[in-house]
Structures are given as C-alpha cells and as structure tokens.
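# Fold and geometry: a report
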Amino acid sequence: MYILGLTTLGDAAATLISDGAIVAAAEEERFSRVKHHSGFPYEAVRYCLKEAGIGIGDVAHIGLYWKPWVIGHKAFQALRSGLISPQMFRARMDRGVREISDSYLGMLGYPGLMRKHFGPGKFRFHFLEHHRCHAASAFLVSGFPRAAIATWDGTGEDTTTLFSLGDDLDIRMLKRIKLPHSLGQFYSAVTNFLGFDMFAGDEWKVMGLAAYGEPQYYDFFAQRVLTPNGSNDFHLDIRVLDHHLAKRYKFSDAIKKDLGAPRRPEEELTKKHWDIAASAQKVLEDTALRLINWLHGETGEENLCMAGGVALNSVMNGRIMTETPFKRYFIQPAAGDAGCSLGAALLICHTLLKQPRRVTMEHAYFGPGFTSVECAAALRESDLKFETLPDRELLPRVARLIADGAIIGWFQGRMEFGPRALGCRSFLADPRRNDMRELLNSKVKLREWFRPLAPSMLEEATEKIFGKPHRDPFMITVLSVAETQRAAIPAVVHVDGTARPQTVSKKTNPRYWQLISEFDKLTGVPMLLNTSFNVQEPIVCSPKDAIKTFRNANFDALVLENHLVLGG
Ligand SMILES: [Fe+2]
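For clarity, every value in this text was computed on a predicted model and none was experimentally measured.

Cut-offs applied
Residues numbered from 1 in each chain as written. Predicted model: local features only at pLDDT ≥ 70, side-chain atom pairs only at ≥ 80, totals over all residues. Heavy atoms only, no water. Helix = DSSP H or I, 4+ residues; strand = E, 2+ residues; numbered from the N terminus. Rg over C-alpha atoms; globule rule 2.2 N^0.38 Å. Buried < 20%, exposed > 50% of the residue type's maximum accessible area, 1.4 Å probe, protein only. Contact = heavy atoms within 4.5 Å. Areas by Shrake-Rupley, 256 points an atom, 1.4 Å probe, with all protein chains shown as cover. Lys, Arg positive; Asp, Glu negative; His and termini not counted. Charge placed at Lys NZ, Arg CZ, Asp CG, Glu CD. Donors = N, O, S within 2.8 Å, 3.2 Å for Na, K, Ca; no water. Tetrahedral: all angles 85-135°; square planar, octahedral: opposite > 155°, others 65-115°. Axes fitted to C-alpha atoms, helices over the stretch in contact; angles between N-to-C directions. Parallel < 35°, antiparallel > 145°, perpendicular 65-115°, else oblique. Left-handed = near helix turned anticlockwise from the far one by under 90°. Arc of directions from axis to C-beta. Patch = residues over 30% accessible without salt bridge, like charges linked within 9 Å, V, L, I, M, F, W, Y side chains within 5 Å. Salt bridge = Lys/Arg side-chain N within 4 Å of Asp/Glu carboxyl O.

Attention now goes to the overall build of the chain. Secondary structure summary: the chain contains 21 helices and 22 strands in total. For a compact globule of 568 residues, the expected C-alpha radius of gyration is about 24 Å, and the chain comes in at 23 Å, within 12% of that figure. A principal-axis box enclosing the C-alpha atoms of the chain has dimensions of 70 × 60 × 45 Å. Within the chain, the fraction of its 568 residues that count as buried is 62%. Expressed as a percentage of contacts within the chain between residues at least 6 apart in sequence, the contacts between residues at least 24 apart total 73%. As presented, the chain carries roughly 21300 Å² of accessible surface, and 52% of it is formed by carbon and sulfur atoms. With 69 positive and 64 negative side-chain charges, the chain shows a spacing of 2 Å between the two charge centroids.

Printed below as a string of structure tokens:
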C-alpha cells in the first residue's frame, strides 16, 4: 500500500512509503532550484510517483503536515501583541492575515488540487498535526521499540516544542509548549539581529560564528529573554526579542540598550557579534539540556529521538549526547520541515493504520539517482571531455587527485534527503590542508570565511579521531576532536577544536567508503573533507545541475558516476 506525505510551505517536500519502507523522499527546492522552496511540491510528488512507477490512482492515503484550522492561537497571539505594542500588533496582523488567507486556508483545497494535477485518485486525505509529524519522522524509523521524543522548531500550528513517549506504534504526548515561547523563533530572531537572514536559513551562520566568541551576554539572554519556567518549560519575553519584528529587522529598545544596535547585513563582523552569537547559542544549549534532563526523568527511557529545525543545531546535539543520561540517539537527518513529509506518511501507516514497523532509517539516499549511461549522455550534450573508468581505477585516481590538492565535485547514487550532502552530491577535498577551508568558502562556495567544514570518515576510525566510539551517519552532532589528532586535519576542525563528522559505513554507501579507504591508504588519514555540492543555490540534483555548477564555479574535477572530467 502506497502512502504519500507532503510538506507544502517552507522547505516543501514529498515522501512516498510502501508498507512502511521509504520508496522516495525529496525536497522541492532540488527540482525548482529555489532554496527552501515554499509552495506545493509538484515536482517532488511527480518524482516520488515516477520512482515507484505508479500513478496517483495507486496511492491509498495522502498525509499533510499541518492542520490548517488550528489558527485561533495565532489570532490570540496577535491580540496579545496589541496589548504590548501597536507596532508589534501590526507586524503580527499583517503577516497573520496574509498567511491565513494565502497559505493555511488554501491547504483545505489540496485534495482537489492533487486530483487536478495528478489525475483521479481514490486516496484518503489526512490533515495531521505538525509536531506529531516531526515526532513520527524520528521515532517510527529509529529502530527503537520505545523512546523519549523531543521535537522543537520555530512553530507548528501553535506548538513550538513537544515532548512525547514513543511506544511501538503509539506516540503519546507528555508536554506541549506553545507560541510565543519558541526556541526556533528565539534563534531566528538572533540570526536577524546579527544581520543574517532567517528566511535564507542563516541560523547555521550563528552557530558557526558562536565558536569564535565568548558568552559575554549570557546573563542578558538567560535572565531577560529566554528564561526557565519550571523544570519542563521556558519563557521567551517577546517584549525584549520579538520574532515578528525581527523578521523586519526591527528590534525593541530593551535589546538595543543591552546589546547595542543590531548589525546591518553589510556591516563588518566584530568580536561583539561573535560574543552575541556565543551567548545565544549557550542559552539555547542550556535550555535544551535542562528540558532533556526533565524528559529523561519523566520517561525513564534510555533512547532519545529528536526532530524539528532546532534539532539541526549540531552543537546543541553534541552536548545533549555527552551531558544527559540518555544512552542512544536517533536524530532525523531531515529534521526541518521537509522531514514532516516523511513523518506524515509514517503516522498514517503505523499510528493510524497500525501496520507493524519494519524499517530503521540507516541512510538518507532517497532522492533521484542517474545511471552511468544517463550521466554520459549529459556530458556529451555539454561537450565536456571525459574519461569513463571502472571503480578499481577511478577511485584510486580520485583519491590521488584529492591528496594532490584538487577539489572534486562528486556525484553518485541517489540524492540525499535533508540539508546535508552525505557523499552522493558533495564537494570533496583534502582535510590535511590548512588553506582548504578558506579556499572552499571564498573561492568555490562564495560564502563567509567562518563557516566550518566537516569530515566524512570511515566509521571504523572514530575512536582514533575522537578518543571514543561515535556513530553519526547524518552529520548532525558536533564533538571534540582528540587533541593529538587536530593538527593533522586542520581543514575540518573548527576553531574550538570540534568537528561534525559523518561516519560512513561500507554497508550503506560502499562506493564512498571505498573512496575514503583509498585516500586513507595514500595518506594515513581515514577521512575526506565533505561539503555540499552547490554554489549559492540548492544542492545539485541532476547531472545537468552538476555540469552547470562545474562550468560556473572554480573547482578542479567532476565525477559523475564512472565518468571523470578534469578542469582547466
Ligand atoms: Fe517544524
């Protein structure tokens, strides 16, 4: 039985499952080439159906990641803001009225829209709660029979944080935190205060920058902005830092008095900005640790599942793993809203229809793949000269190129679901080179100097690198690199001595594992620098996207399946 899940506003995506197994999952942005695509995921749905070789008539259920009629709370928040300040009230109402009429109520028409665009179907359409979709996206594919579940983001319909207990097919709610108290909105507002763009997903930049600073403003954030409210709750004071005003780069006098003027996007980054980032990051981490410790006490479970945009904060995740009593973790790699499309489909399959759970998500390779023949055709069409080599020749040759300093565009297999490139649509480079991070950030990816770059390593090598075993196939936790190892791999160790590794398994990505092994044989370093294959646009999806990026960007060689193109 086929079930389709949909995410339709920001980070639009579609996922198709069959009897609980993931058949296909992809973000709309990879097809539309518009980052964080907001709107109905037409292309992603089309791709999912094509991957399965089915039509809409074969789909039994469709799940949407939102209950559009839960809008009362938003209206109440707008009224409450009116009591605080007319400016805040206008900001909320402007946006609220537009969202409700354009987006939320429009969702009620989706069943008709599906039939209009994809043909007649007998599917049942389900509107599902946003945070339950996040929770399902992690727990139901975690492989854990029981687990505590934390989901946190900017906001769902009205909920910003949900703690639940997963038990086989059921997800039971334990504690819900609602707007305006939101960890995601807190972090996004700080993102805009620092002159970045929350709508572009610039929260990564705050996290990267935080490592350079000292938490000088910790007390301000911890005592005035994001404060504890009992052991299992928190309070965000929107009179001091309001997300809706921050969206327009407007900030309260209270925050300006303590932190100074917000940074303009073109303004130089100074130590003060690093310190603000470090302070906000630490308050987020400490709040999360307090709540997760409560969740552990409440459930007595040893397994923890997490999802929601805040669960992409890999530094916070690293601290949760090392500083709370939970013993095992599953963090959904598509932790942002794209992953809700998977959660919606899983909720229907297991929680509503009570089908048994069969699948553990061990990798994220659920997007489009292209054969070597298709890649060769795209290369011929582009008039690029290429060699075609079997893996036994190609992989040692690519490893040698990397060891000699080349930056490679590496394209193979099915595209990753979620924001991370995990060795199928990646730029690869030598982690031993001091200058590689600056080179990649400034010459290839055309982005800020302070963005950290991460390693893909053989899963067998983690104990050597971190001084303890570690497993993270999804590159979603940051941990400290053993001091003896740091000097050997400067390009993938952040300024604070940490790294965000992907542990690569021979089972789930044998070709990538083999390439890293070839590099290890040459250099004694069991890892490659891995960053997503894109320049200021969504990660490449098709051979055509990869070739276009190769033509326009400044890197040395392109590998499309078994074809090698050398630059220059
Ligand atoms: Fe969300």
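His-130 (NE2), His-134 (NE2), Asp-153 (OD) and Asp-337 (OD) make up the full set of protein donors to the iron ion, lying at 2.1 to 2.2 Å. Here the iron ion binds 4 donor atoms, and the angle range of 91 to 168° at the metal identifies the geometry as irregular. Donor residues for the iron ion sit on one chain with the sequence pattern H-x3-H-x18-D-x183-D. With His-134 in helix H6 (residues 130–139) and Asp-337 in the loop between strand S12 (328–331) and helix H14 (338–352), this residue pair connects regions lying 203 residues apart in the sequence. Taking the relative accessible area as the measure of exposure, His-134 reaches 0% and is therefore buried.

A few words now on the packing of helix H9 (residues 218–225) against helix H12 (residues 271–299). One way to put it is that H9 packs onto H12 with a least axis distance of 8 Å and a crossing angle of 50°. The pairing of H9 with H12 is recorded here as oblique in orientation. H12 is crossed by H9, and the crossing has right-handed handedness. Together, Tyr-218, Phe-221 and Ala-222 of H9 and Ile-276, Ser-279, Ala-280, Lys-282, Val-283 and Asp-286 of H12 make up the contact between the two elements.

What follows covers the environment of Arg-115. Looking at the secondary structure, you find Arg-115 in helix H5 (residues 110–118). Separated by 145 residues in the primary sequence, Arg-115 and Gly-260 place their C-alpha atoms 53 Å from one another. In contact with Arg-115, not counting residues within four places along its chain, are Pro-120, Gly-121 and Phe-123.

When H5 is considered as a whole, its buried residues turn out to be Tyr-110, Pro-111, Met-114 and Phe-118. One face of H5 carries all of its buried residues, which in axial projection span an arc of 105°. Looking one or two places after H5, you find Gly-119, whose phi comes out positive at around 95°.

Right, let's get into the pairing of strand S20 (residues 527–532). In terms of burial, S20 is largely enclosed, as 6 of its 6 residues are buried. Of the two faces of S20, the one holding Met-527, Leu-529 and Thr-531 and the one holding Leu-528, Asn-530 and Ser-532 are both buried throughout.

A surface patch of nonpolar side chains, about 240 Å² in accessible area, is lined by Met-1, Leu-352 and Leu-353. Note that Leu-353 resides in the loop between H14 and helix H15 (372–381).

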